[in-house]
Amino acid sequence: MENKLRRSRNDRMLAGVCAGLGEYLGVDPVVVRLLWAVGTFFSLGTGLLIYVLAWIIIPEE
């Protein structure tokens, strides 16, 4: 089966972007969420903009 990037419907906290990335990369979604939060903090909010864009662009499973 082909591994495609999709937003998760089941394991979501907001839009399922981090859970979808975790599934795609084979990493626990909690790790992706923590890294995303830290990255957003240190990028002065740019991560939030990228999250919203990913929410719009990445299709839902």
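Coordinates for the structure precede this section.
All of these numbers come straight from a predicted model, not from anything done at the bench. (Residues numbered from 1 in each chain as written. Predicted model: local features only at pLDDT ≥ 70, side-chain atom pairs only at ≥ 80, totals over all residues. Heavy atoms only, no water.)

Peer 1: Just to check I follow, could you spell out the overall build of the chain for this structure?
Peer 2: Within the chain one finds three helices and zero strands. Its helices and strands taken in sequence order, the chain reads α-α-α from the N to the C terminus. Taking 10 Å as the expected radius of gyration for a compact globule of 61 residues, we find that the chain reaches 11 Å, a close match to that expectation. Taking the principal axes of its C-alpha atoms as reference, the chain extends roughly 40 × 20 × 20 Å. Looking at the 61 residues of the chain, the share that counts as buried comes to 30%. Taking the contacts inside the chain whose residues are at least 6 apart along the sequence as the reference set, 44% of them involve residues at least 24 apart. Surface summary for the chain: the accessible area is close to 4400 Å², and the carbon and sulfur share equals 68%. In the chain, which carries 6 positive and 6 negative side-chain charges, the distance between the mean positions of the two groups comes to 6 Å. (Helix = DSSP H or I, 4+ residues; strand = E, 2+ residues; numbered from the N terminus. Rg over C-alpha atoms; globule rule 2.2 N^0.38 Å. Buried < 20%, exposed > 50% of the residue type's maximum accessible area, 1.4 Å probe, protein only. Contact = heavy atoms within 4.5 Å. Areas by Shrake-Rupley, 256 points an atom, 1.4 Å probe, with all protein chains shown as cover. Lys, Arg positive; Asp, Glu negative; His and termini not counted. Charge placed at Lys NZ, Arg CZ, Asp CG, Glu CD.)

Peer 1: What is the right way to look at the environment of E61 in this model?
Peer 2: Considering the arrangement of structural elements, one finds E61 in the segment after α3 (46-57). Distance in space between the C-alpha atoms of E61 and S8 is 6.0 Å, their sequence separation being 53 residues. Beyond its immediate sequence surroundings of up to four residues, E61 is in contact with R6, R7, S8, R9, N10 and E23.

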